Each structure stands twice: as C-alpha cells, then as structure tokens.
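Each chain, letter by letter, is given below.
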Amino acid sequence: MKRKLEFSELVFKTALEEEVDAILASHSHIIQKAEWSGKVPCAWSMGNYNMDSTSNIVVKTDFPEIGIIMHLYLDGKNLEKVTFSMTKAVWEDGKYRTYPVTDLREKLEENEKEVLAAEVQAVLDRIYSKKYEGELFLEEYTL
C-alpha cells in the first residue's frame, strides 16, 4: 500500500514540482532537517528566532529557544552557496535576548558552555539527519 504524504511533505513536493528556487519553512517552532532536493535547498523548519520556551505545549528537549537563519548567496539569479547560522534565545535582565551561538558561548561559564555544546550538537545532528562531525561553533554552517 502506498504511504499517504504528511501535509508538510505534500507542500514540499508541490513546491518542488513548481520548480521553486528554495524552500525555507518554519512552523513547528523547532528545528527540523535541512537538505538539498536536487538543486533546491530545503529547510523543513528553521525553529524560532526568539521564543518564550516556558510554554506548557513546548517540548523542552526539542530546543525551542534555538533557531537557524538561512543565508542564500546569489550571483545574479544563480544560487551560489547556502549556509545557515544558529541562534539561541536566553532569559536575561527580565526579557528574552537572542544571540548567535558563537557570541553566546563567549559569555558563558565553563559548565554552561558544555551544556550549549551538547545542545548545538543535538540540533546539528537533526539538521543534517546524521551525526555532525565538524566544528560545533561556527559563524555559518554549510548546507
């Protein structure tokens, strides 16, 4: 029996059939995989740029306070390169502030750096759909 497509899979499939140049989605409030479908970069969900992660409906182990920002480098109409940066929202001085993880790492105590490293590793594993083996703290990661 043929498997029924989930709604997000149907949207991606339809967009690809319409020959879009890129698919950058963000609804689930958590980062999901990012991949190439032929020549089309696809980010299934970029997470949140800034979110109050204290909501009762948010699963904390999915890192809702972490998001990615996609960078599409164009030469005219040609897509030359795709990268992404990672951010994390933290509670600070009575409000949430969002930092690139590279900047946040510099502000943290050693034990907090270890926690952030484990979070970044888990998110990168999810994005790449496999164990990420590269340097953890980069300004931009290559898709």
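That block above? That's the structure.
The paragraphs below set out a description of the structure included in this document. (Residues numbered from 1 in each chain as written. Predicted model: local features only at pLDDT ≥ 70, side-chain atom pairs only at ≥ 80, totals over all residues. Heavy atoms only, no water.)

**A few points about the overall build of the protein chain**
In terms of regular secondary structure, the protein chain is built from three helices and seven strands. Reading the protein chain from its N terminus to its C terminus gives the helix and strand order α-β-β-β-β-β-β-α-α-β. Over its C-alpha atoms, taken along the principal directions, the protein chain stretches across nearly 50 × 40 × 30 Å. The buried share among the 143 residues of the protein chain stands at 38%. Within the protein chain, counting contacts between residues at least 6 apart in sequence, those at least 24 apart form 39% of the total. A total of about 9,300 Å² of accessible surface is found on the protein chain, and carbon and sulfur atoms cover 51% of it. If the 18 positive side-chain charges of the protein chain are averaged to one point and the 26 negative ones to another, these points end up 5 Å apart. (Helix = DSSP H or I, 4+ residues; strand = E, 2+ residues; numbered from the N terminus. Buried < 20%, exposed > 50% of the residue type's maximum accessible area, 1.4 Å probe, protein only. Contact = heavy atoms within 4.5 Å. Areas by Shrake-Rupley, 256 points an atom, 1.4 Å probe, with all protein chains shown as cover. Lys, Arg positive; Asp, Glu negative; His and termini not counted. Charge placed at Lys NZ, Arg CZ, Asp CG, Glu CD.)

**Structural notes on the sheet that holds strand β3 (residues 40–43)**
An order of β1-β3-β2 is seen for the three strands of this open sheet, with the pairing classed as mixed. The two strands at the open ends of the sheet, each matched to only one other strand, are β1 (23–24) and β2 (34–37). Pairing analysis gives four bridges linking β2 to β3, with the strands arranged antiparallel. Within the sheet, the bridge partner assigned to E35 lies in β3 and is C42. Along the sheet, helix α1 (residues 7–17) makes contact with β1, β2 and β3, crossing β3 at roughly 160°. (Pairing = 2+ DSSP bridges. Axes fitted to C-alpha atoms, helices over the stretch in contact; angles between N-to-C directions.)

**Things to note about the pairing of strand β4 (residues 66–75)**
Direction of pairing for β4 relative to strand β5 (residues 78–92): antiparallel, over a ladder of ten bridges. Bridge assignment links I66 to a residue of β5, and that residue is K88.

**Re the pattern of salt bridges**
Note that side chains of opposite charge can pair when their charged atoms are close. With the rule as written, the count across this model stands at seven salt bridges. Measuring nitrogen to oxygen at the nearest pair gives 2.6 Å for the salt bridge that ties E17 to K13. Linking E17 with K13, this pair stays in helix α1, spanning four residues, or about one helical turn. When its relative accessible area of 41% is taken as the criterion, K13 is described as partly exposed. For R126, the salt bridge goes to D62, with nearest N and O atoms at 3.4 Å. (Salt bridge = Lys/Arg side-chain N within 4 Å of Asp/Glu carboxyl O.)

**A closer look at the nonpolar core**
I68, M70, M86, V120, L124, I127 and Y141 are the most contacted members of the largest nonpolar core, which has 26 residues in total. Residue assignment for this core shows that the elements contributing at least two residues are β4, β5, α2 (101–107) and α3 (110–128). For this core, the element with the highest residue contribution is α3, accounting for six residues. Core analysis: the second largest hydrophobic core is formed by six residues, A15, I23, C42 and W44 among them. (Core = buried A, V, L, I, M, F, W, Y, C linked by side-chain atoms within 4.5 Å.)

**Quick look at the side chain of E119**
Take E119: it is sitting in helix α3. Among all residues touching E119, those that are not within four sequence positions of it are F63, E65, I66 and K88.

**A word on the environment of E92**
One can find E92 in strand β5. What E92 contacts, discounting residues up to four positions off in sequence, is R97, Y99 and K107.

**Some remarks on the packing of aromatic side chains**
Counting across every chain of the model gives six aromatic pairs. Aromatic pair F12 and W44: ring centres 3.9 Å apart, planes at 5°, arrangement stacked. Here F12, found in helix α1, pairs with W44, found in the loop between β3 and β4; they are 32 residues apart in sequence, far enough to count as distant. The buried category is assigned to F12, whose relative accessible area is 6%. Using a relative accessible area of 15% as the deciding quantity, one classes W44 as buried. Cluster of aromatic residues (ring-pair linked, three or more members): F84, Y128, Y132 and Y141. For K81, the ring lying beneath its charged end belongs to Y73, and the centroid distance is 4.6 Å. (Phe/Tyr/Trp six-rings, centres within 6.5 Å; stacked < 30°, edge-to-face > 60°. Lys NZ or Arg CZ within 6 Å of the ring centre and 35° of its normal.)

By themselves, these are just geometric observations and shouldn't be taken as functional.
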